[in-house]
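Chains, contacts and geometry: an overview
Below are the chains, spelled out letter by letter.
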Amino acid sequence: MRRQGQGDQPDREGVAAVALQGGPSTIRPLPRQPGAALEVDCIVRLRITVPLALTALSLAALACNLGRTDQGGTSASQPEMTLEEALAVPAEDRRPEVLRLMGIPDSFTLSFQELDGQPVRLEEWSYFDSESRFDFVDGELAWTIDIPAASDGSLFAHQYDPLEFDPSMTISDIQAMFPDQTFEEESLAEADAPQGIALVGDQILLGFDGGRLVFVQTFVLSPDGEAAVPPTGEAPTTATPGSGPSTPVAAPPTSPPAAADRFVDDFDGSSPAQPLFGSEFMAFAQENGEGILTSRSPGGVVPVMYAEPVLADFELEVDIRFPQAQSGGYAGIVFRSDDAAGGLAYYYHFVFRPSAREVKLDLWDDGWTTLARASIPTGVLAAGGRDRLRVEAESSELKLFVNDQLLLDVDDSSLEAPGFIGLSLVAAQASESVAFDNLRIEGKDE
């Protein structure tokens, strides 16, 4: 069973049997599977990958713009086109449709170059859970390729959208786009690029030539390779590429304790909440009577978990406040989870996203399923920015409230056994925080 999932990814089941016309391939119905990871030494990989990727993608661009051929290599219906004629054919941009169906790529490679004086944008979008890669030339889908699945517990680079990058960008533009990141800058002169500069960031490498962007590559981080593994369910490794696994952080015990009638956490300095991952990925502190959860891994679900009570039926209430202006991140409540000491293989996730005025109930169980969602009506959110969330769970009936307003009433029997409870954050940017207070849990179990 897959371990903890990533952020707010769409349900990719809807991809089945959707054909994108204009390219020799279609989007196939692909199940969600665990996916394979890239093991990288960032600087070396960029120096090796840039020239090889440009060469390979140049050939791909040439091949996909020529007339379609049969297996013997001859044109099936029309004379072979010249490169100039092929590049003159208007491209039909299929990326928005793939993005709508599949979501942000788990990782991608993007290069800008010229073929016979014509600018060409070449892209590879990888979806490891679906074991599929989509290759584009100037936005047109050239083909799809089967790829290996990633190892369990890998962290995908969902914080980067390939459509946000263009060849006019400079190093200053990239630094302004990601103000919370500190990039390492490396010369590529030794890689036969006298004016080449590489920027190395969080799961991303960017190549510049003559001050302009020519190459972008994002990476999946693996728990069992040389790269670090941020929070996706397995115990994370250290953040230094090439290091071995670290000791898992403190987590709830493997044997569930007896259910408690009532549990209270006022975050007064003695909270039993434990971060699921190490300090390189998240932080939890108690300040001024609040529990402050901070993410250092944008896009990943970073929870603090409670060893008890372990409940199936309960009422839970908690105050929630976002200290910073929201930029797309969200927080919520994890419940009916399995043993956190081994990673969260399944759980319900009550998602509260005030910046989008939305709540939803997600299920993680070998993939994400959104069970229900609702808009937050005008006037429901508190004027002071501190809102009260409530979950009522009894058998298959799950109710979600914001400030005593019932927003979701869901009947789902996927997870009915007693489970662990936690408080979560999914940040859009590094160092985003959420504050919790006045947690109350009332057990209904006999």
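About the cut-offs
Residues numbered from 1 in each chain as written. Predicted model: local features only at pLDDT ≥ 70, side-chain atom pairs only at ≥ 80, totals over all residues. Heavy atoms only, no water. Helix = DSSP H or I, 4+ residues; strand = E, 2+ residues; numbered from the N terminus. Buried < 20%, exposed > 50% of the residue type's maximum accessible area, 1.4 Å probe, protein only. Pairing = 2+ DSSP bridges. Axes fitted to C-alpha atoms, helices over the stretch in contact; angles between N-to-C directions. Phe/Tyr/Trp six-rings, centres within 6.5 Å; stacked < 30°, edge-to-face > 60°. Lys NZ or Arg CZ within 6 Å of the ring centre and 35° of its normal. Contact = heavy atoms within 4.5 Å. Core = buried A, V, L, I, M, F, W, Y, C linked by side-chain atoms within 4.5 Å.

1. Some thoughts on unusual backbone geometry
- Omega for the bond connecting glutamate 308 with proline 309 falls within 30 degrees of zero, at 0°, which places this linkage in the cis form.
- Mapped onto the elements, proline 309 comes out in strand E13 (residues 301–311).
- Unusually for a residue other than glycine, aspartate 138 sits at a positive phi of about 50°.
- Along the chain, aspartate 138 falls in the loop between strand E3 (132–137) and strand E4 (140–146).
- Taking relative accessible area as the criterion, aspartate 138 reaches 35% and is therefore assigned partly exposed.
- Non-glycine residue glutamine 203 carries a positive phi angle of around 60°.

2. Some words on the sheet that holds strand E5 (residues 184–187)
- Sheet architecture is open: eight strands sit in the order E4-E3-E2-E1-E8-E7-E6-E5, paired in antiparallel fashion. Sheet topology places E4 and E5 at the edges, where each strand pairs with a single neighbour. Each adjacent strand pair in this sheet contributes to an overall mean axis angle of 20°, direction not counted.

3. What about the packing of aromatic side chains?
- Counted under the stated rule, the structure contains 14 aromatic pairs.
- On the basis of an interplanar angle of 80° and a centroid distance of 5.7 Å, the ring pair of phenylalanine 314 and phenylalanine 335 is categorised as edge-to-face. Pair noted here: phenylalanine 314 is in strand E14 (residues 314–321) and phenylalanine 335 is in strand E15 (residues 330–337), with a separation of 21 residues, a long-range link.
- Counting every residue linked through ring pairs, the aromatic cluster contains Phe108, Tyr160, Phe165, Phe178 and Phe183.
- Positioned above the aromatic ring of phenylalanine 401, the side-chain terminus of arginine 390 is 3.7 Å from the ring centre.

4. Details of the pairing of E3
- Here E3 lies mainly inside the structure; six of its six residues are buried.
- Of the two faces of E3, the one holding Ser132, Phe134 and Phe136 and the one holding Arg133, Asp135 and Val137 are both buried throughout.
- Two strands pair when backbone bridges link them, and strand E2 (residues 118–127) and E3 are joined in this way by six bridges, in the antiparallel orientation. For glutamate 124, the partnering residue across the bridge sits in E3 and is aspartate 135.
- Taking the residues that link successive antiparallel strands as the turn, the E2-E3 hairpin has four residues, and the phi of glutamate 131 there is positive, at about 55°.
- As paired strands, E3 and E4 are joined by six bridges and run antiparallel to one another. For serine 132, the partnering residue across the bridge sits in E4 and is aspartate 146.
- Hairpin geometry of E3 and E4 is characterised by an intervening segment of two residues between the two adjacent antiparallel strands and by a positive phi of about 50° at aspartate 138.

5. What to know about helix H3 (residues 95–102)
- The set of residues buried in H3 consists of Arg95, Val98, Leu99, Leu101 and Met102.
- Taken together, the buried residues of H3 touch E2 and E3.
- Directly beyond the C-terminal end of H3, a positive phi value near 85° is found at glycine 103.

6. A look at the nonpolar core
- Phe314, Leu316, Ile333, Phe335, Phe350, Val359 and Phe436 are the most contacted members of the largest nonpolar core, which totals 60 residues.
- Element by element, the count of residues in this core is highest for E13, at seven residues.
- Core analysis: the next-biggest nonpolar cluster, separate from the first, contains 27 residues, Met102, Phe165, Ile174 and Leu213 among them.

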